[in-house]
Amino acid sequence: MSHESVVALHKICGQNFDADVLIWRDLLVEDMLQKQQQSSCQSHNTCTYSNESDTESNESSDSDEDSDENGTDTECDIEDDCRSEECESISSCSEEEDIMEKLKDNHSKSIDIECEDDDDEITGSQNDVSCNERTCMHDKDSSDSLTESCSGSSEATIDITHEQQDQLLDDSEVTTEDSDGAKRSHNLGYRICGDNIDKTVCSRYMRLDRKNNSLHYFHLFAVQSRVCIPRDEMHFTSMPDKTEIAATLLPSLNDDQILKENVAILVSRKLTNNLKFFRLTFQELIQWHIKHPYYKEMSSKSLVVPLGILLKNENKASDMIGIVNHIHHYVPAVPDIQEQVLSTGETVDVDQTSLHTILFGGDQLTCARARSAIDNKLNSQTPHKRFMGIEPVIEDWHTKVNFLRVIWKYYYNPKSSAEHVIESHIVALAMNILGMTNADQAPDSSILPDAHLLWMQPDDFRTNVLKMLTLRIVDELSLNFNNFVYKDTDDKVRQYSIQLSSLGCLYLEYSDAIREGDGNRVLRCWRYMLPIFASSGCKNYAIEAFNLLLQHDYILPPQEAGQLIWGRFINVKGQPGHNIPNDLHMEHLNRILKQSISGLGANKSASAMQRVAQALGAISPFLRNFDEECKISQLKGVHNRQKAEQDMKILLTELAPIVSLGHSRRHKTFTNPRDPLHMLSYSELNAWIEKHIT
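Residues numbered from 1 in each chain as written. Predicted model: local features only at pLDDT ≥ 70, side-chain atom pairs only at ≥ 80, totals over all residues. Heavy atoms only, no water.

1. A short note on the environment of Ala428
Where we set the bar: Numbered from the N terminus, helices here are DSSP runs of H or I no shorter than four residues, and strands are runs of E no shorter than two. Exposure classes here rest on a 1.4 Å probe applied to the protein chains alone. A residue is buried below 20% of its type maximum, exposed above 50%, and partly exposed in between. Contacts: residue pairs with any heavy atoms within 4.5 Å of one another.
Relative to the helices and strands, Ala428 is located in helix α13 (residues 422-433). Residue Ala428 is classed as buried on the basis of its relative accessible area, which comes to 4%. Sequence-wise, Ala428 and Val659 are 231 residues apart; in three dimensions their C-alpha atoms are separated by 6.8 Å. Beyond its immediate stretch of four places on either side in the chain, Ala428 contacts Leu652, Leu655 and Val659.

2. What to know about the nonpolar core
Applied cut-off: Here, nonpolar core refers to any group of buried Ala, Val, Leu, Ile, Met, Phe, Trp, Tyr and Cys residues whose side-chain atoms link them within 4.5 Å.
Formed by 96 residues in total, the largest nonpolar core has its most connected members in Phe278, Phe282, Trp526 and Ile689. Each residue touching Ile689, except ones within four places of it in the same chain, is listed here: Ile245, Ala246, Leu249, Leu250, Leu530 and Phe546. In this structure, Val305, Ile321, Leu355 and Phe387 belong to the second largest nonpolar core, which totals 29 residues.

3. A few points about the packing of aromatic side chains
Here is the rule we go by: Working definition: rings of Phe, Tyr and Trp (its six-membered ring) pair if their centres are within 6.5 Å, and the pair is stacked with planes under 30 degrees apart, edge-to-face with planes over 60 apart, and tilted otherwise.
Considering all chains together, one arrives at 11 aromatic pairs under this definition. On the basis of an interplanar angle of 55° and a centroid distance of 5.8 Å, the ring pair of Phe533 and Tyr541 is categorised as tilted. Taking relative accessible area as the criterion, Tyr541 reaches 13% and is therefore assigned buried. Taking 6.2 Å as the distance between ring centres and 85° as the angle between the ring planes, the aromatic pair formed by Phe546 and Trp688 counts as edge-to-face. You can see Phe546 sitting in helix α17 (residues 539-555) and its partner Trp688 sitting in helix α23 (residues 682-693), a full 142 residues away along the chain. The two residues Phe546 and Trp688 agree in class, both being buried. The rings of Phe403, Tyr507, Phe533 and Tyr541 are connected pair by pair, giving a single aromatic cluster.

4. Considerations on the pattern of salt bridges
Stated precisely, the cut-off is as follows: Any Lys or Arg side-chain nitrogen located within 4 Å of an Asp or Glu carboxyl oxygen qualifies as a salt bridge.
Following the criterion strictly, the structure yields 15 salt bridges and no others. A salt bridge links Arg521 to Asp512, with the nearest nitrogen and oxygen atoms 2.9 Å apart. Several salt bridges converge on common partners, so that one network encompasses Arg269, Glu509, Asp512, Arg515 and Arg521.

5. What about the sheet that holds strand β5 (residues 304-310)?
For clarity, the threshold we go by: Any two strands with at least two DSSP bridges between them are considered paired. Lines fitted to C-alpha atoms define the axes, with helix axes restricted to the stretch in contact, and inter-axis angles between N-to-C directions lie between 0 and 180 degrees.
Sheet architecture is open: 5 strands sit in the order β5-β4-β3-β10-β11, paired in mixed fashion. Strands with a single pairing partner mark the edges of an open sheet, and in this sheet they are β5 and β11 (390-394). Going from strand to strand, the sheet's axes swing by 30° on average, the running direction of each strand aside. As paired elements, strand β4 (residues 213-224) and β5 share 5 bridges and run antiparallel to each other. If you follow Ala222 over to β5, its bridge partner there is Val305. Helix α11 (residues 364-376) rests against β3 (190-201), β4, β10 (358-362) and β11 of the sheet, and its axis sits at about 155° to β11.

Next comes the structure, spelled out in structure tokens:
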């Protein structure tokens, strides 16, 4: 294909690249309009009912007196009451139509004001896509179509996108099926995620006026929520006193018990993979997926819409404000411009726009800079200028990497003679507790009598035995946050193994919760990582953990709080146990985009990169279909795991004397191991939380 053909194909594929997100936004606007209409009707009916009751009481007293004089007046009064009720119903309907017309006018007025303000405030490159004419026209047309659907108009629109939108708005619970066969409900909400994308364009012949160019842009995508939180599950608690917040944010006794039960399941998997007795006895009883209330929804394929790149650098404050301003165009808003008369007699327009909160996910640095950009606009006059409706939230993949760094910070040293892996320590500690000297041996008879006959027992009996053994192993770990009694011993070698296995099990729990898409388990892991980050010097991630827990428990409305924990994952395969964090999917999109940009050759201009990024959502299915037609094998997306049975046996043999009980033993590089989960006392954590609340 020629260069002109490729450019034309990119333009075609990039047309209306964010149309799905605009439809999601308009559907949420429709829900907000319906709620406002219902609330206004309820308040009007309440006032009407009170007036009717007063009128009826007065009329009843008068009718009693009149009926004594003339009994035929009662029928006339009844007819008059019926006519008055009809008039009141007609006036109520007319008032509803007036409300819808007012919302329609205010919406168009707000969009015009917003676009003018954005043009005045945000100055950037010519390729900045914030507040362009297409977005404004779409907002105005979508407002018209929404108002017509509310008023019952059946006129057909010309634009095909609006026809699809009207069809979706006929029923707020309608579900459609996309090209990948995944059914979608269009009133579940959505989340926008972003991250920086860096690219270095090397000059073939370097000159003073032609050097290597380092590009720093910002990449965005939107993902639709797969979980609809039922109304009866929505509970919003008021903010308690700051001295009581620590008790709700930190792990509770119930969290300790649930964590132990989940870790017991994870330990059973490790024992089955590495110990012959467990493999032969409990292989078919292992629980490979820990299910949760939304297991079916989180096993479905995610609907992701790439939103292209912005020619802005998040490291610059002005560019970050422009990024947040661009994201704000996807925030659902119901404008309400009211006229207010001042004491001087002058009339001014007051913006009382209602906004639906949209979560903006990213890594720790992106969240911190987004909050700074929002804080810089707090003194603005309108909700749009203050960037209301955007809530920055941290994602899980970068947090998972940072948590692993904390583990290696305290339990790994390059000067050590060997690298002790987490799994080998867990299995070796389990063998020591069960009285096993090698991987092919059965547990000691004092712990499990008649172990060689256990495989003949019923499934329920073996399941209970497996649970009993794994819980006995987990009890030796220091996973209790509450009622934890630190057992200081002179055997620092075994203490090192227990602490490493404890944090390793918490890391395995966090990883498995992400794979299963279990928001409750992920949130519970964040409660444990808060004291770990606070005590290990990871100040920024400790603050993000505190913000995340505070957002879920107190700050966000109930529906957004549910999306906060259940919208953190993306499933690109549509299979159970294949969820990944949003920021990891962002890294995957960055890799695909960089490959596409590399294919531009010498034509790596800003406009060309934007064109490729906007067409990314349409190009990927084309490439996948082409590979399937040509029978080109696809990468599995995971690394091939080589069999390491012999290596594991050697490690277990070396670790057997290490994890056993001893006296006055110390590692050369870890003379006094410290547990970051219990390094700070409860009072110190409480003081830390109170400090950051104020």
